[in-house]
Amino acid sequence: MENNRPVRVRFAPSPTGRMHLGSGRTALYNYLLARKTGGTFVLRIEDTDRKRLVPGAEEELIEGMKWLGINFDEGPGIGGPYGPYRQSERKAIYQEYADKLVEAGHAYPCFCTPDRLERMRQEQQKRKEPPHYDRTCRNLSPEEAKRRVEAGEPHVIRFKSPMEGTTTVRDVLRGEITVENRTIDDYILVKTDGFALYHLAATVDDHLMDISHVIRGSEWLPSLPLHVLIHRAFGWVEPEYCHLSVFLKPSGKGKMSKRESADLLKDGYSIYVMDLKELGYLPEAVVNWIALMGWSYDDHTEFFSLKDLVEKFSLEHLNPSPAAINFTKFDHFAGLHVRNLQVEDLAQRMKPFFEKAGYAADLDTLVKIAPIVQERLVTLDEAPDLAGFFFKTEILPAAEELVPAGMTREQALDVARQSLAVLAAAPELTPEAAEAPMRELVEKLGLKAGQVFGLLRVAVTGQKVSPPLFESMMIMGRERVLKQVEQAVRMLEG
RNA sequence: GCCUCCAUCGUCUAGGGGACCAGGACGCAGCCCUUUCAAGGCUAAAACGCGAGUUCGAAUCUCGCUGGAGGCACCA
């Protein structure tokens, strides 16, 4: 099915909202196929609807792709031989091609008012008919239509779709799909204001930009016959089409709504790519996770870097059925990729999150901390909770937390005093030098390691949960550690 | 309502007529390891939607049903 000839593919989002996981995956698959085949990945902005334009959306989109590591070869900002790459800058091109279609008899001007169309639709609804244009203006003579257009009468351009027969299209994932032509409406190609609508603009651009494979969301599948018909009306050969399954909400019941997306954030999740960055997820994890929603490599390999994916990706292993978003599995991948990082890299990436939490974290210390927090993190955002104490000027545990479960305050005091003596006597506070004498003390006292180390953990870090105790003490330094334990003794005395 | 697509453990999936009393992963439960939290290791429970047909043989092919999803704008 798929050879390895260099493809020309495009990701064609409209800047009408935030970049979500679904668009991220579409961009990713396009990118992967382009890199895999040594082809070209084009970014095209579909901004023909000026009313729905959201300021900053294009910027966030490009930022999101950059964060994920999905770089495009041609597009806004960097240009290319097939530009411009914003459809709003291509208005004249669509007008020209719409005219060609009218001249060739494949399209016609329609003078019906939005008002009339609305009434028509309502009646059709009432009669339980599918909403469609009744083709009134299709029957106008070309002469009359031309005269009214030249008289300046407001009009749209509609596609003259065949009224009988069938149209067969091909989708890479689904094979041949045949539809009855009578179910294909005379869709509007150009609006009254002269702007092209998606169906015309995308089709013309895909041809003009020499796109070989259209990989897009399956919400476009129903309009595929129309797009193919437009290509054919021009006498063009259509590209290969590949419609990706949709992402469903975690319950599997339908697509995610705006409301539900907002609720998600309260649980520390989001379907918006840049939110995930903010939440401390690694882009590597996002890529790995979404790549595997609708694509698989074999029956056991799940950990992939972007580079791995470029090497392994192919259209054959795509799955046509919808996939429910599963954030629990995402967390799993997030953890795997944190653990996969080089220590220096992890330190570097944690830095902004420590700073955001109000800690003046220096890179040298973060490099020391990284190995002991690495296997405990799912997101970078969790790092300051776990290891912020290293940067605190004052660590003040609550006195009652210094008393381990099943122990009296007096017993705890005794343990603290003896621990302090042992630690102070140790040549240095490294795991090698301090752990063995401490364990001897535990044995001598007839206690469990957890009891003694738990007390010390709270005394030294101020936390009940922390990275491994002796490693932490080494990073903190002898002086601070002893000061903390002395403080604990005083607190237990008082 | 109409059109189209989809259908394997709760979820993501492997599977493409015999290798499948269906494999992996997440999660869940239990156990091991253990100074907390993790990580890691082991074990368990857990699926071919239903019905016909084709075939010596069907999770795999065909049809029907059911269920789910998407689409039906002077949005993309």
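Treat the numbers as computed from the prediction; the structure is a model and nothing was measured.

Chemist: Looking at this structure, how should I read the packing of aromatic side chains?
Modeler: The geometry of two aromatic rings is summed up by the distance between their centres and the angle between their planes. Following the criterion strictly, the structure yields 18 aromatic pairs and no others. Aromatic side chains Tyr359 and Phe391 sit 6.4 Å apart centroid to centroid with 40° between the ring planes, which places their arrangement in the tilted category. Placement of Tyr359 in the loop between α13 (343-356) and α14 (363-373) and of Phe391 in the loop between α15 (383-387) and α16 (409-425) is noted, with a sequence separation of 32 residues between them. With relative accessibility at 18%, the residue Tyr359 sits in the buried group.

Chemist: Just checking my understanding: could you explain the environment of Thr168 for this structure?
Modeler: Tracing the backbone through its elements, the reader meets Thr168 in strand β5 (residues 166-171). Contact partners of Thr168, with chain neighbours within four places excluded, come to Glu176, Ile177, Thr178 and Arg232. At a separation of 2.9 Å, a polar atom in the side chain of Thr168 contacts the side chain of Thr178.

Chemist: Mind showing me how you'd approach the UniProt feature "domain: Glutamyl/glutaminyl-tRNA synthetase class Ib catalytic" (unreviewed entry) in chain A here?
Modeler: UniProt records the feature "domain: Glutamyl/glutaminyl-tRNA synthetase class Ib catalytic" (unreviewed entry) for residues 7-330 in the present numbering. Between the C-alpha atoms that bound residues 7-330 there is a distance of 30 Å. The span itself is 37% helix and 14% strand.

Chemist: Honestly, the environment of Thr430 in this entry has me stumped. Any pointers?
Modeler: Counting through the fold element by element, Thr430 comes out in the loop between α16 and α17 (431-445). Taking relative accessible area as the criterion, Thr430 reaches 12% and is therefore assigned buried. On a C-alpha basis, the gap between Thr430 and Glu46 in space is 60 Å, while along the polypeptide they are 384 residues apart.

Chemist: How should the domain arrangement of chain A be read in this particular structure?
Modeler: The extent of an interface is frequently quoted as the accessible surface area lost upon association of the parts. What the domain assignment reports for chain A is domain 1 (90-244), domain 2 (258-340), domain 3 (343-379) and domain 4 (399-493). Put simply, the middle of domain 1 and the middle of domain 2, counted by C-alpha atoms, are 36 Å apart. Counting residues at the interface gives seven residues for domain 1, matched by four residues for domain 2. Of the roughly 410 Å² buried where domain 1 meets domain 2, counting both sides, 83% is carbon and sulfur surface. For the interface between domain 1 and domain 2, the tally reads zero salt bridges. The class makeup of the residues in the side of domain 1 that touches domain 2 is five nonpolar, one polar and one charged.

Calculation notes
- Residues numbered from 1 in each chain as written.
- Chains lettered and ligands numbered in written order.
- Predicted model: local features only at pLDDT ≥ 70, side-chain atom pairs only at ≥ 80, totals over all residues.
- Heavy atoms only, no water.
- Phe/Tyr/Trp six-rings, centres within 6.5 Å; stacked < 30°, edge-to-face > 60°.
- Helix = DSSP H or I, 4+ residues; strand = E, 2+ residues; numbered from the N terminus.
- Buried < 20%, exposed > 50% of the residue type's maximum accessible area, 1.4 Å probe, protein only.
- Contact = heavy atoms within 4.5 Å.
- Polar contact = N/O pair within 3.5 Å; in protein donor to acceptor, adjacent residues only side chain to side chain.
- UniProt positions renumbered as here; feature names shortened; annotations may be inferred.
- Domains from an automatic or database assignment.
- Buried area = accessible area lost by both parts, 1.4 Å probe.
- Salt bridge = Lys/Arg side-chain N within 4 Å of Asp/Glu carboxyl O.
- Nonpolar A, V, L, I, M, F, W, Y, C, P; charged D, E, K, R; others polar.

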